[in-house]
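What follows is each chain in one-letter form.
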Amino acid sequence: MTEQEEQLDMVSGTLQNIIFAASDSYFKILSVLVEDSTLADWQEPEIIVTGTFADVQEGSVYNFYGDLVRHPKYGQQFKAQRYENELPPDENGLIKYLASGQFKGVGPKTAAKIVNSLGLNAIQLILDDPRVLAGMVKPALAQNLYRTLRLNLGLERFFQLGNQYGIGADLAGKLYDQYGDEAEDILINHPYRFVFEFDGLSFKKIDQIAQKSGFQDNNGERMRAAVYAAMNALTFRQGHTFLTLAQLESATDSLLRQPDIQQSEAIQTALDELISAHRVVVDQQRYYPKPLYDAEVTVAQQLKQLLVSPGSFPLNVNQVGQHLVVPDRIELDDKQQQAVQTGLASRLFVLTGGPGTGKTTIIKSMVATWQKLVQVVAQQGSFGTDWLKSQRVRLASPTGRAAKRMTEITGYEASTIHRLLGITDGGEAEFNADNPIDGGLLIVDEASMLDIELAAQLLSALPKDITLIFVGDSDQLPSVGPGNVLADMLASQVIPQVELDTIYRQGRGSSINALAADIKAGYLPQNFAANQGDRASFMVDGAQVPSAIYQVLEAAFKKGYSANEVQILTPMYKSEAGVNALNLMAQELFNPIKPGQKSLQHGQINFRQGDKVLQLENDSERDVYNGDMGQVIAVHYRSDGQGHEDSLVVDFDGKELLYPKKSLNQLTLAYATTVHKAQGNEFRLVIMVLTDQFYIMLNRNLLYTGITRAKEALIMVGNYSAFETAASRAVPKRQTSLVDRLQGQVETTARPVPSKEVPQNNQPIKSMLTETEEQSVSAGSAGGLNQATLRQASQDPLVGMLGTSPYDFMP
Ligand SMILES: Nc1ncnc2c1ncn2[C@@H]1O[C@H](COP(=O)(O)OP(=O)(O)OP(=O)(O)O)[C@@H](O)[C@H]1O
């Protein structure tokens, strides 16, 4: 017992009633009839006990260890940190317990036989090894008794064991869920297995557990686990799909923190063993975690297959051009037109370009043109409605917000990639190679956010003859997970691609796009400090940054901007200019607590109605994903009779979700977020904060991604030197082999397509369009920007909407 434990109070009593049992954890609220306790001034016959409990039985006696706490609404209750099932203290009691009916097939006679033979310690002995029952009862009965005892007592025993190893009940519950009866054996004898199989325990923690069990530093299991853990940590931190031997050695060294001369040899041995066990793949001296290797190979193979697929109705670029549909009476420029034509004439295509260059316009045009082509082909080929359905348009994006925007713009249903593939939270996808999705055209927007594993899942689940188009800005931050899919596809030059580079956005937001272009080129423009119609910079010294941000925020608030329209972006969570501090500052301004208002406290955050919040985890069942933003629309208290627990109701773009208090770790305030979390989102006003404090985080892609989230106005606050450093510093390169694989030896008939050339590849085997059809060409022709298009652009509904300028935000 630790010193801390000795200070815990104890309550012993009969469990009367389980008031609440959470469905997704072992958290329970119990009503207990007190028989004994160390609580000095507890006089009541009953006490409420809360905590993490296994399959506790009403009517059984338990000892609870913990503290008496005062709940703001429910008064005093006992918060248990651990507990034990008090087993009957004498042989008669034990016989009664075993014969109580809980254990099928065990009557008073059998129970007496067991207790007489095994003594008072019978239950422990059976749990340790059910073979002690041999000869006493039939094997089937012995198995059944053992299983029921395990179910009733195994988890409790594991909770206690976990406690000895410093593992909290929550984590112990998760381990037990994953491993069941085996959990105990693994924890004691093979703890390093958790590194490979269990998500939620760090190597350091596992190492501590193993040390308690007597594992030596040079143990082989330990070395293999250390190499693998170091490999995973580094690939995920840096976004690499593979590491060099030197990188791996140094990462393992720093994880073990005991570099000595033997280390390098031990690492090499561990690595060889990991390779034999198919946990690590080595290919041309590049060391990959197996899942990343498999994903990369799958992506390369699938992309190459698409490149040579004939498609369901092959067309050449001219035929597409003749049926081009351009919405909004815009005249596409040459590159834009080339994008639509090449995109739809190829089976695989990548469209890239900065903000305001027309990517969305092209998606709209592609969808409309595709619909038209499908109609024409259906008529010519006398295809029925089934064929038409099979050619339907699918739209997807890595984030919910971007998918919603695609729907609004195209009028077609768009979804997250997770939803498109039916990916559950365990990572299993409903759609895969054996059960592909349907559709003739799939457009994936915000493709810069696609990591190698999600890309592999997506590509594996596509029909072989689909037309696949990726759209994204390769200068934005790469995906959070490993891989560099969009940039690699572009760099490979084997996939038809077009880069749009003329910025069309007029009015508000246009000088932001020009600034983005300069930053992309690696520098801040001369006019950086000079305020423009839609952007301003507010450069101050480090200590003044928070008050400068406050002034800008206050001005935005007074100008009538709602919290949803303003977004503060900053690189990190900590520090006074970090996400956490700025969120509290903005909350006080935009949504201060009112006297008597309901609220829920979680950590440092006090959530209340009206708060802008951010989802931090993927929850595919409820279709809400890491990075989605919503608004708290209600706070419910249990004491009001509303549900079993205090909870929040959050509205995510029309979808209302309930968050019981225990799941509030899935949410945080969203007035300020990191740039990473804001990827795929756009806001009317962005306040971009960079200071020298964030030096290690500063790079071009971060700044570029941050400022291009601003649709109308941008205020930059911080140190000039920080902005300058960010603009000048290229993002660290991710180590991947996708470019090599795409350019590799696998046969492909596709040839690289330089962006300036409209390719004549994918020539149809037999055109399905007749001459007459081809002549009945509709809208759209190549050409530059004319007066009509300029008028169109200036009618952008966002232009001049607020009648404010960044000058209004200056103190
Ligand atoms: N060829 C063109 N002629 C005139 N206006 C155009 C042309 N192409 C696009 N535009 C206009 O430019 C603006 C920006 O285009 P669009 O939204 O398609 O760009 P984007 O690349 O998707 O930008 P973002 O990524 O910032 O959303 C729109 O108002 C659009 O109507």
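Residues numbered from 1 in each chain as written. Predicted model: local features only at pLDDT ≥ 70, side-chain atom pairs only at ≥ 80, totals over all residues. Heavy atoms only, no water.

Participant: Help me understand the pairing of strand 11 (residues 441–444) in this model?
Facilitator: Residues L441 and I443 of strand 11 are buried on one face, and the alternating residues L442 and V444, pointing to the opposite face, are buried as well. Sheet topology places strand 9 (residues 393–397) next to strand 11; 4 bridges connect them, and they run parallel. Looking at the pairing, R394 lines up with L442 of strand 11. Here 4 bridges tie strand 11 to strand 12 (residues 467–472), and the two strands are oriented parallel to one another. The residue of strand 12 that forms the bridge with I443 is I469. Taken together, strand 11, helix 20 (residues 452–460) and strand 12 constitute a β-α-β crossover, and its handedness is right-handed. (Buried < 20%, exposed > 50% of the residue type's maximum accessible area, 1.4 Å probe, protein only. Helix = DSSP H or I, 4+ residues; strand = E, 2+ residues; numbered from the N terminus. Pairing = 2+ DSSP bridges. Right-handed = clockwise from strand over helix to strand, strands pointing away.)

Participant: Would you explain the environment of Y228 in this entry?
Facilitator: Positionally, Y228 belongs in helix 10 (residues 220–238). Aside from chain neighbours lying at most four places away, what touches Y228 is V195, F196, L274, R279, V280 and P291. (Contact = heavy atoms within 4.5 Å.)

Participant: I'm lost on the UniProt feature "binding site: ATP" (unreviewed entry) in the protein in this one. Help?
Facilitator: Taken from the UniProt record, the annotation "binding site: ATP" (unreviewed entry) applies to G356, T357, G358, K359 and T360. Judged by relative accessible area, T357 falls into the buried class, the value being 3%. Excluding residues that lie within four positions of it along the chain, T357 makes contacts with Q336, L500, D501, T502, I503 and Y504. A polar side-chain atom of T357 sits 2.7 Å from the main-chain carbonyl oxygen of G354. Accessibility expressed as a relative area gives 12% for G358, which makes it buried. In contact with G358, not counting residues within four places along its chain, are Q336 and L500. (UniProt positions renumbered as here; feature names shortened; annotations may be inferred. Polar contact = N/O pair within 3.5 Å; in protein donor to acceptor, adjacent residues only side chain to side chain.)

Participant: Would you take a moment to explain the site of the ligand for this structure?
Facilitator: Near the ligand lie 20 residues; those nearest to it are Q336, G356, T360, T361 and K711. For the ligand, a nitrogen atom lies 2.9 Å from a polar atom in the backbone of E331. The separation between an oxygen atom of the ligand and a polar side-chain atom of T361 is 2.5 Å. Across the complex, the protein chains shield 88% of the 620 Å² of accessible surface that the ligand would expose by itself. (Near = heavy atom within 4 Å. Areas by Shrake-Rupley, 256 points an atom, 1.4 Å probe, with all protein chains shown as cover.)

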